[in-house]
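Residues per chain are reported as follows:
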Amino acid sequence: MTEQASPLMQNLRRSSVWFVASVLVLAASSIGLSRLLETETPTVSLALDPLNVDAVIGEITGDLNDTSNTPDLDALLAKAEGALRFDLVDARLYSLIGEIKYRQGEKDQAYELFDQARKLSKTEIHALQRSIGRSIEMGDLSKAVGEIDILLRRWPDRFPEIAGGMPTILSNPDGYQAVLAALKVDAPWRSSLFVALGNAPLGLDFANRLLLDLIGSSSPPKQGELSFVINGYIRQKQYEPAYRLFLFSLSEEERKLGGYIFNSTFEPAPSGKPFDWQIRDQSGMEVTFATSQDAVEGEGGATVRFLNTPVKNSALQQYLELPPGSYKISLVASARNLKLPKELFWSLRCPSGEIARFNIPEGTYNRQALSQDFLIGPHTCPMQFLRLETAAIAESWRFRYVGTLVMHKLSIERLPS
């Protein structure tokens, strides 16, 4: 029979249980608080929990990225290797140790560590970036593109860091073919690539070539991609390649709409590309395109309906490329109760100024023909801009546009010299 414990021993046991429980609660609280602080203040986080690997990584990364101080690489290396003993499968630690070795000049060992990091995690971001740089240096551009694809699928916001190296990759035949292959399977960074190339004078020709090579593929050029590159050429005042790219991008059906004015009969579904019709969002009016079969009363074309409000600026526009010569611009239009307090007109402009304008008449009429001759001199301008606009300078409610205009056909023909 066991002797009953004395009251003193019972109190001691209860005190021990309470002390252990209190220590466990404090430890858990410290670990939780350490987790909370590991991103913003990793040093404080480590003071609360020296074994917090995320805090160690944050502190080392912060020291390596601190441009105001020279980091103590030996101390950081010891700290990273110490953390690795507690977590042998954290790819970030191998990558950090690799970066420290890289900065110490031990590049071969650094790349072995980067490779180890990628074996543990294919998308470890720093190891991937270093590997991409090395692949480019070694001339293995096909491998570099594969690594870029992995990086950007996981970290799409990192494209700006990659963009600068793309012209180098694309200037190499193997690199170009690797990029083209990725675009043909609709890589998620495809649009970012065309934006980057379209914004760089040296990248425009690569973007042009890629778009042409994608024509007829299972993932042909998208309208937005074409528009961005064409606009890039226009911004650089390279009008000939801009217009050629537009022409080459047309489908068989679209080629039937060709002419000095593309889609002169306003067939539905304009692409919005610069040498096709662009419909501007404009309060106070509605613009719709319809074929004669779909339109009310067989009045096919572009219908502009004014909503009894002020109207300022343009509604429709298109870039043109007319060689020097004499021309006639003609419009066939109908109108119902059209009231135009500050004029409505088609304007043809060069960068240097307006070269032709003709006004739309008010009232109600059916298929009225309007035309005007104009001249483009040998040095007038290499590209023109056609726009439907109003003469309103300010949106005053004293000048409200009312009624409906249907433009059946707008065309330009060259006159005999």
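In this text, all values refer to a predicted model and were calculated from it rather than measured experimentally.

Conventions used here
Residues numbered from 1 in each chain as written. Predicted model: local features only at pLDDT ≥ 70, side-chain atom pairs only at ≥ 80, totals over all residues. Heavy atoms only, no water. Helix = DSSP H or I, 4+ residues; strand = E, 2+ residues; numbered from the N terminus. Buried < 20%, exposed > 50% of the residue type's maximum accessible area, 1.4 Å probe, protein only. Contact = heavy atoms within 4.5 Å. Core = buried A, V, L, I, M, F, W, Y, C linked by side-chain atoms within 4.5 Å. Domains from an automatic or database assignment. Pairing = 2+ DSSP bridges. Axes fitted to C-alpha atoms, helices over the stretch in contact; angles between N-to-C directions. UniProt positions renumbered as here; feature names shortened; annotations may be inferred. Phe/Tyr/Trp six-rings, centres within 6.5 Å; stacked < 30°, edge-to-face > 60°. pLDDT = per-residue confidence, 0-100. Parallel < 35°, antiparallel > 145°, perpendicular 65-115°, else oblique. Left-handed = near helix turned anticlockwise from the far one by under 90°. Nonpolar A, V, L, I, M, F, W, Y, C, P; charged D, E, K, R; others polar. 1 Å grid on protein atoms, 1.4 Å probe; cavity = no way out; pocket = protein on both sides within 12 Å on 5 of 7 lines; lining within 4 Å. Points joined across faces, edges and corners; volume = space filled by probe spheres on them. Salt bridge = Lys/Arg side-chain N within 4 Å of Asp/Glu carboxyl O.

### Looking at the overall build of the chain
Reasoning step 1: Looking only at helices and strands, the chain has 16 helices and ten strands in total.
Reasoning step 2: The buried share of the chain, reckoned over its 417 residues, is 44%.
Reasoning step 3: The long-range fraction of contacts in the chain, counting pairs at least 24 apart against all pairs at least 6 apart in sequence, stands at 66%.

### Section: the nonpolar core
Most often, soluble globular proteins have nonpolar side chains that are buried together.
Reasoning step 1: Among the nonpolar cores identified, the biggest contains 46 residues, and V179, W189, L193, L210 and F275 are the most heavily contacted of them.
Reasoning step 2: Residues from two domains meet in this core; each of domain 1 (164-249) and domain 2 (278-414) gives at least three.
Reasoning step 3: Discounting chain neighbours no more than four positions away, the residues touching V179 are V145, M166, I169, L170, W189, L193 and L210.
Reasoning step 4: In this structure, L340, L344, I360 and L370 belong to the second largest nonpolar core, which totals 39 residues.

### Considerations on the sheet that holds strand β8 (residues 363-376)
Reasoning step 1: With antiparallel pairing, five strands are arranged side by side in an open sheet as β2-β3-β10-β5-β8. Every interior strand has two partners, whereas the edge strands, β2 (285-290) and β8, have only one. Within the sheet, the average angular offset between the axes of one strand and its neighbour, ignoring direction, is 20°.
Reasoning step 2: The pairing of strand β5 (residues 325-339) with strand β10 (residues 401-414) spans eleven bridges and is classified as antiparallel. Paired with L331 across the strands is L410, a residue of β10.

### So, the UniProt feature "repeat: TPR" (unreviewed entry) in the chain
Reasoning step 1: Per the UniProt record, "repeat: TPR" (unreviewed entry) is annotated on residues 91-124.
Reasoning step 2: The distance separating the terminal C-alpha atoms of residues 91-124 is 7 Å; by composition the span is 79% helix and 0% strand.

### Observations regarding the packing of aromatic side chains
Reasoning step 1: Under the counting rule described, the total for this entry stands at 14 aromatic pairs.
Reasoning step 2: Look at F246 and F262: their rings are 5.2 Å apart centre to centre, the planes differ by 85°, and that puts the pair in the edge-to-face class. Taken as a pair, F246 in helix α15 (residues 239-248) and F262 in the loop between α16 (252-255) and β1 (278-279) lie far apart in primary sequence, 16 residues in all.
Reasoning step 3: The class of F262 is buried, set by a relative accessible area of 5%.
Reasoning step 4: Ring geometry for F275 and Y319: centres 6.1 Å apart, planes at 55°, overall tilted. Here the residue F275 occupies a position in the loop between α16 and β1, and Y319 occupies one in strand β4 (residues 314-320), the gap between them amounting to 44 residues. The exposure classification of F275 matches that of Y319, with both residues buried.
Reasoning step 5: Following the ring pairs from residue to residue traces out a cluster consisting of Y243, F246, F262, F275, Y319 and F385.

### Thoughts on the confidence of the model for the chain
Reasoning step 1: Summarising the model, the chain shows a mean pLDDT of 82, and 85% of its residues fall at 70 or more.
Reasoning step 2: The model gives residues 17-51 a pLDDT under 50, and that stretch makes 30 contacts with residues more than four places away or in other chains.

### A closer look at the packing of helix α7 (residues 125-138) against helix α8 (residues 141-154)
Helix packing geometry: the angle between the two helix axes and the distance between the axes.
Reasoning step 1: Between α7 and α8, the least distance of the axes is 8 Å, while the angle of their chain directions is 160°. On the basis of their axis angle, the class for α7 and α8 is roughly antiparallel. Both α7 and α8 take part in a crossing whose hand is left-handed. Touching I125, L128, Q129, S131, I132, S135 and I136 of α7 are L141, K143, A144, E147, I148, I150 and L151, all from α8.
Reasoning step 2: Among the residues forming the contact of α7 with α8, the class breakdown is nine nonpolar, three polar and two charged.

### A look at the layout of surface pockets
Reasoning step 1: Here the largest pocket defines a volume of roughly 480 Å³.
Reasoning step 2: Lining the largest pocket are 20 residues, with T61, L96, E124, I125 and H126 sitting closest to its centre.
Reasoning step 3: Elements with a contribution of two residues or more to the lining of the largest pocket: α3 (53-65), α5 (91-103) and α7.
Reasoning step 4: The greatest single-element share of the lining of the largest pocket, amounting to six residues, is contributed by α5.
Reasoning step 5: Of the residues belonging to the lining of the largest pocket, the class tally is six nonpolar, seven polar and seven charged.

### Notes on empty space enclosed by the protein
Reasoning step 1: By the definition in use, this model includes one cavity of 30 Å³ or more.
Reasoning step 2: Of the volumes computed, that of the largest cavity is approximately 40 Å³.
Reasoning step 3: Around the largest cavity sit Y243, G259, Y260, F262, F275, Q318, Y319, L320 and E321, which together line it.
Reasoning step 4: In terms of residue class, the lining of the largest cavity is built from six nonpolar, two polar and one charged.

### Observations concerning the pattern of salt bridges
Reasoning step 1: Applying the stated criterion across every chain, the model contains 17 salt bridges.
Reasoning step 2: Between R158 and E161 there is a salt bridge, and its shortest N-O distance comes to 3.3 Å.
Reasoning step 3: R255 is paired through a salt bridge with E252; the nearest N and O atoms lie 3.1 Å apart. With R255 and E252 both in helix α16, this residue pair falls three residues apart, about one helical turn.
Reasoning step 4: For E252, a relative accessible area of 59% puts it in the exposed group.
Reasoning step 5: Among the charged side chains, a network of salt bridges with common partners joins R349, E354, R357, R387 and E389.

### Describing the pairing of β5
Reasoning step 1: Looking at chain direction, β5 and β8 are connected through eleven bridges and run antiparallel. Counterpart to Y327 in the pairing with β8 is F374.

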